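Survey of secondary and tertiary structure
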Amino acid sequence: MAEKKFTTTSGIEIKTVYTQPSSMDELPGEFPFTRGIQKDMYRGKAWTMRQYAGFSTAEESNKRYHYLLSQGTTGLSVAFDLPTQIGYDSDHELAEGEVGKVGVAIDSLKDIEILFDGIALKDITTSMTINATAPILLAMYIALAKKQGADLQQISGTIQNDILKEYAARGTYIYPPAPSMRLITDVFEYCSQEVPKWNTISISGYHIREAGSTAVQELAFTLANGKAYLKAALNKGLDINVFAKRLSFFFNCHNNFFEEIAKFRAARRMWAHITKQLGATDAGAQKLRFHTQTGGSTLTAQQPLNNIIRVSNQALAAVLGGTQSLHTNGYDEALSLPTEAAAKIALRTQQIIAFESGVTDTVDPLAGSYFIEALTDEIEAAAQLYIDRIDAMGGAVKAIEQDYIQQEIAASAYQYQNDIESGEKILVGVNRFTQPEEAATNVFRVDDAIRKMQIEKIVMLKNSRDNKAVNNSLQELKQAATGTQNLMPLILTAVEHYATLGEIADTLRHVFGEY
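Okay, so let's go over this structure. (Residues numbered from 1 in each chain as written. Predicted model: local features only at pLDDT ≥ 70, side-chain atom pairs only at ≥ 80, totals over all residues. Heavy atoms only, no water.)

1. A look at the overall build of the chain
- A tally of helices and strands in the chain yields 20 helices and nine strands.
- Expected size for 515 residues packed as a compact globule is a radius of gyration near 24 Å; at 23 Å, the chain falls within 12% of this value.
- With the C-alpha coordinates of the chain rotated into their principal frame, the extents come out at 75 × 55 × 45 Å.
- In the chain, which comprises 515 residues, the proportion classed as buried is 56%.
- Sequence separation of at least 24 residues holds for 79% of the intrachain contacts in the chain that already meet a minimum separation of 6.
- For the chain, the exposed surface amounts to about 21,200 Å²; the carbon and sulfur share of it is 51%.
- Within the chain, one finds 48 positive and 60 negative side-chain charges whose respective centroids are separated by 3 Å. (Helix = DSSP H or I, 4+ residues; strand = E, 2+ residues; numbered from the N terminus. Rg over C-alpha atoms; globule rule 2.2 N^0.38 Å. Buried < 20%, exposed > 50% of the residue type's maximum accessible area, 1.4 Å probe, protein only. Contact = heavy atoms within 4.5 Å. Areas by Shrake-Rupley, 256 points an atom, 1.4 Å probe, with all protein chains shown as cover. Lys, Arg positive; Asp, Glu negative; His and termini not counted. Charge placed at Lys NZ, Arg CZ, Asp CG, Glu CD.)

2. Section: the packing of helix 4 (residues 134-148) against helix 19 (residues 488-496)
- In the contact formed by helix 4 and helix 19, the axes pass within 9 Å of each other and the chain directions differ by 60°. For the pair helix 4 and helix 19, the sense of crossing is right-handed. Contacts between helix 4 and helix 19 involve Pro135, Ile136, Leu138, Ala139, Met140, Ile142, Ala143 and Lys146 on the former and, on the latter, Met488, Ile491, Leu492, Val495 and Glu496.
- For the contact of helix 4 with helix 19, the residue count by class is 11 nonpolar, no polar and two charged. (Axes fitted to C-alpha atoms, helices over the stretch in contact; angles between N-to-C directions. Left-handed = near helix turned anticlockwise from the far one by under 90°. Nonpolar A, V, L, I, M, F, W, Y, C, P; charged D, E, K, R; others polar.)

3. Side note on the environment of Asp419
- If you trace the backbone, Asp419 turns up in helix 16 (residues 404-422).
- We classify Asp419 as partly exposed; its relative accessible area is 23%.
- Residues Asp419 and Arg269 lie 150 residues apart in sequence; the distance between their C-alpha atoms is 32 Å.
- Not counting the four nearest positions on each side in its chain, Asp419 is found in contact with Glu424 and Lys425.
- A distance of 2.9 Å separates the side chain of Asp419 from the side chain of Gln415, its partner in a polar contact. (Polar contact = N/O pair within 3.5 Å; in protein donor to acceptor, adjacent residues only side chain to side chain.)

4. Points about a nonpolar patch on the surface
- A surface patch of nonpolar side chains, amounting to about 280 Å² of accessible area, comprises Ile426, Val428 and Phe433.
- Position of Phe433 among the secondary structure elements: in the loop between helix 16 and helix 17 (450-464).
- Given a relative accessible area of 56%, Phe433 falls into the exposed group. (Patch = residues over 30% accessible without salt bridge, like charges linked within 9 Å, V, L, I, M, F, W, Y side chains within 5 Å. Salt bridge = Lys/Arg side-chain N within 4 Å of Asp/Glu carboxyl O.)

5. Side note on the packing of aromatic side chains
- Per the stated rule, a full pass over the model turns up 19 aromatic pairs.
- When the centroid spacing of 6.1 Å and the interplanar angle of 75° are considered together, the rings of Phe31 and Phe33 count as edge-to-face.
- Owing to a relative accessible area of 30%, Phe31 belongs among the partly exposed residues under this scheme.
- Seen in terms of ring centroids, Phe264 and Phe290 are 4.9 Å apart; in terms of plane orientation they differ by 25°. Their pairing is stacked. On the criterion of sequence distance, the pair formed by Phe264 in helix 10 (residues 257-277) and Phe290 in strand 8 (residues 290-294) is long-range, its members being 26 residues apart. Exposure class is identical for Phe264 and Phe290. Each is buried.
- Clustering of aromatic rings is evident, with ring pairs tying together Phe249, Phe251, Phe264, Trp271 and Phe290. (Phe/Tyr/Trp six-rings, centres within 6.5 Å; stacked < 30°, edge-to-face > 60°.)

6. Let's talk about the environment of Phe31
- Considering the arrangement of structural elements, one finds Phe31 in the segment before strand 1 (48-53).
- Spatially, the C-alpha atom of Phe31 lies 7.4 Å from that of Ala283, the residues being 252 residues apart in sequence.
- Discounting residues that sit within four places of it in the chain, Phe31 has contacts with Ala272, His273, Lys276 and Gln286.

7. Observations concerning helix 4
- Between its first and last C-alpha, helix 4 extends 21 Å over 15 residues, near the 21 Å set by a 1.5 Å rise per residue.
- Here helix 4 lies mainly inside the structure; 12 of its 15 residues are buried.
- Considered for burial, the residues of helix 4 that qualify are Ala134, Pro135, Ile136, Leu137, Leu138, Ala139, Met140, Tyr141, Ile142, Ala143, Leu144 and Ala145.
- Two residues or fewer past helix 4, Gly149 is found with a positive phi of approximately 80°. (Expected span 1.5 Å × (residues − 1).)

And the structure:
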């Protein structure tokens, strides 16, 4: 009988024992940053505990934000509903049935004012998971910061703004790739001058992994996308030593504990070399800073309390891997939006790791492990093979246009599902250790009536605003979109006149078309 082989989820074979000592003599905070981007890591400051939240109306989400802040959250993370993500107001026919369902509905600056009511933007960092309409939502946030009297040079946060992974894995794109890349580099350029502490993109592996990729594919495709953004900004004439400092990453953390830790270590090393090869000489521009979210697709509707253990395992791996901020999923998210109780347990998970476990007392505590060091090297080598193939195609945009990345993800997702159905991969409570299921009773549902509420707010807004100023600002935006000037100042002007998100997105649709 053949000896059973053990592998990571990416197919890397795991040896019975690792005996070769590491040759690494790197220190944290030094190039290529394998061991961490800061010399003291969490000894100086814990990661940002940023719980992802947003649902229903701005009023309801605002209540959840105040609750999370009262429980010790150190940063906000905004989830937007699908109409907001793809540039439709709540009164659009395609928005029916989706308003407020997977995130908060935002139709105008009025909603942003309500969303952050009682929250001083100068005192918090905010992450916004938004891509195709990222420039519009960022403009709304900046407009509110101005109204609050905040110093724009000091406000900080992140917009995801990563359109390439939308084409490859998620689908909430609006415009063709070329104008989408233009909008992204417009944001880079504008923020470097006006809001220099804002992270202008969060290059996301999270959704690539949720679509079914392996850990190696998540790393490779994310860094390949990152290279494409670097090159697009360089082609625009931007200084890599300036704009690259405001690039951040967003990774998934799955169940294979050691593979995930090694993935994060390999990511830092690879990015340091990529930026250096493209001309970055400033250490700040070579550092890979990243947010982590525990794996949504790993959560099971069966025996949902088991998800607390899964999330704890994943969160600990993210911390040992050196994350800069972390979101932990609620145990009930396979059933519905997280209840308040689930959100609290998720936050407490982070707090217990930070303040009770002792894993934050030293930097990169698993460094020198024969297994971790070897796995870091093997993940890097496997990811580099993918990147080399993508480079040979002409980069990530070309690889996406040729369906290469999409097909690789689909093949891995298919294999993963087969392994579950065959029993080759064990999912506790799903294909092993099962029990009769009871119907879930305590689930969070969003009332369909909120669309009517949002439509009423839009009608009131349009009756009270200066519609001539709105139309003029939209016309100026449309004209500028046919040229090459930076569109962010014009989007900001339209937002400040209370043009709706849909009106601004439609103005750009008329020029750029839809993909």
